[in-house]
Amino acid sequence: GWPRGLFLAAASLAIAIWLAPALLLRPLCARLVGSSGIALELDGVRPAWPWGAAVERARVVRGASALELAALRAQLFPSGLRAEAQVGEGSLLLVTEGIRLRGGVVRAQSFPLERLVDLAPSFGLRGTADGVYRFGAREALELTLARGALRLRVPVAFELAFAQLVVAAVRERDGGWRAEP
């Protein structure tokens, strides 16, 4: 009867809502990063509880360069988006304020800087990074680089090694960055 039909319609709607993030992840990512010259390649996309998507492997591609991400998981809550990814032995975490993504935090833990070499061909980094980038009404960066080096390739090859390098900066109104003591 009609109660059974109503139940089946409600169950179908619930399943469709649960599957929506996994089904819409590729086109949504393509739209978000398409104008930046970056492409995202996603493998093993599946739904994540309560409402989100998990990706077995993702690649951030810019030209011939790529950054490999493993175990990417994104979940949308009324409070905002939460996305986590493993990068080598380290991790990245994105937490936004609200679902409009207008502000939030990106946190890096034991992030292997060597993974960024291909994305920035004029210079290179090695070592690990731990830190926080806050974006929104006020942008700020607090970063600690450990056991590494900064390599310049242009105009001459040069390497500056460091045991620990601490960076703190705030975005100015004119778009530039001001180093914090």
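Here is a short report on the structure shown in this document. A quick note: this is a predicted structure, and the numbers were derived from the prediction, not measured. (Residues numbered from 1 in each chain as written. Predicted model: local features only at pLDDT ≥ 70, side-chain atom pairs only at ≥ 80, totals over all residues. Heavy atoms only, no water.)

### What about the overall build of the chain?
Filter applied, for reference: Under the DSSP-based scheme used, a helix requires at least four consecutive residues in state H or I and a strand at least two consecutive residues in state E, with every element numbered from the N terminus. Buried means the residue's accessible area, taken with a 1.4 Å probe over protein chains only, is under 20% of the maximum for its type, while exposed means over 50%, and partly exposed covers the values in between. By definition in these notes, contact holds between two residues if any of their heavy atoms fall within 4.5 Å. Calculation of accessible area relied on Shrake-Rupley with a 1.4 Å probe; when residues are assessed, cover is drawn exclusively from the protein chains displayed.
The secondary structure content of the chain amounts to 1 helix and 10 strands. Reading the chain from its N terminus to its C terminus gives the helix and strand order α-β-β-β-β-β-β-β-β-β-β. In the chain, which comprises 181 residues, the proportion classed as buried is 29%. Relative to all contacts within the chain whose residues are 6 or more apart in sequence, the contacts with residues 24 or more apart total 30%. Total accessible area on the chain is roughly 11800 Å²; 62% of this is exposed by carbon and sulfur atoms.

### Considerations on the nonpolar core
For clarity, the threshold we go by: Nonpolar cores are built from buried Ala, Val, Leu, Ile, Met, Phe, Trp, Tyr and Cys residues. Side-chain atoms within 4.5 Å join them into one set.
Counting residues in hydrophobic clusters, the biggest one holds 18 residues, and the most contacted among them are L69, F111, L113, A129 and L145. Those elements giving two or more residues to this core turn out to be β2 (52–62), β3 (65–77), β4 (80–87), β6 (104–112), β7 (123–135) and β8 (140–152). Dropping the residues within four chain positions of it, L113 is found in contact with L125, R126, G127, T128, A129 and L145.

### Quick notes on the pairing of strand β5 (residues 90–96)
Threshold: Strand pairing is assigned whenever DSSP detects at least two bridges linking the two strands.
Sheet topology note: the β4/β5 ladder contains 6 bridges and is antiparallel. Its bridge partner lying in β5, A85 is registered against L92. Adjacent in sequence and paired antiparallel, β4 and β5 are bridged by 2 residues, among which G88 carries a positive phi angle near 60°. The pairing of β5 with β6 spans 6 bridges and is classified as antiparallel. Bridge pairing in β6 links S91 to Q109.

### Some remarks on the packing of aromatic side chains
Note the threshold: Paired rings are identified among Phe, Tyr and Trp, the last through its six-membered ring, by centres lying within 6.5 Å, and are further divided according to the angle between planes into stacked (under 30 degrees), edge-to-face (over 60) and tilted (the rest).
According to the stated counting rule, one finds 2 aromatic pairs in the structure shown. Judged by centre distance (6.0 Å) and plane angle (20°), the rings of Y133 and F135 are stacked. With a centroid separation of 6.4 Å and 50° between ring planes, the pair formed by Y133 and W177 is classed as tilted. Separated by 44 residues along the polypeptide, Y133 in strand β7 and W177 in strand β10 (residues 177–179) bring together distant segments of the chain. Taking the relative accessible area as the measure of exposure, Y133 reaches 25% and is therefore partly exposed. Of the aromatic side chains, those joined through ring pairs into one cluster are Y133, F135 and W177.

### So, a nonpolar patch on the surface
Rule in force here: Note on patches: the residues involved have over 30% relative accessible area and no salt bridge, like charges join within 9 Å, and the nonpolar side chains Val, Leu, Ile, Met, Phe, Trp and Tyr join within 5 Å. A side-chain nitrogen of Lys or Arg and a carboxyl oxygen of Asp or Glu constitute a salt bridge if their distance falls within 4 Å.
A cluster of nonpolar residues, L152, V156, F158 and L160, forms a patch on the protein surface that exposes about 370 Å² of accessible area. Mapped onto the fold, L152 is located in strand β8. Taking the relative accessible area as the measure of exposure, L152 reaches 35% and is therefore partly exposed.

### Topic: the environment of L150
Residue placement: L150 occurs in strand β8. Residues L150 and L160, spaced 10 residues apart in sequence, show a C-alpha to C-alpha distance of 5.2 Å.

### Looking at the side chain of T96
Quick note on the threshold: Contacts described as polar in this section are N or O atom pairs within 3.5 Å, which, within protein, must combine one atom able to donate a hydrogen with one able to accept it, while residues neighboring in sequence count only if both atoms come from side chains.
Take T96: it is sitting in strand β5. In this structure the side chain of T96 is engaged in a polar contact, spanning 2.7 Å, whose partner is the backbone nitrogen of L81.

Shape descriptors only; they carry no functional weight alone.
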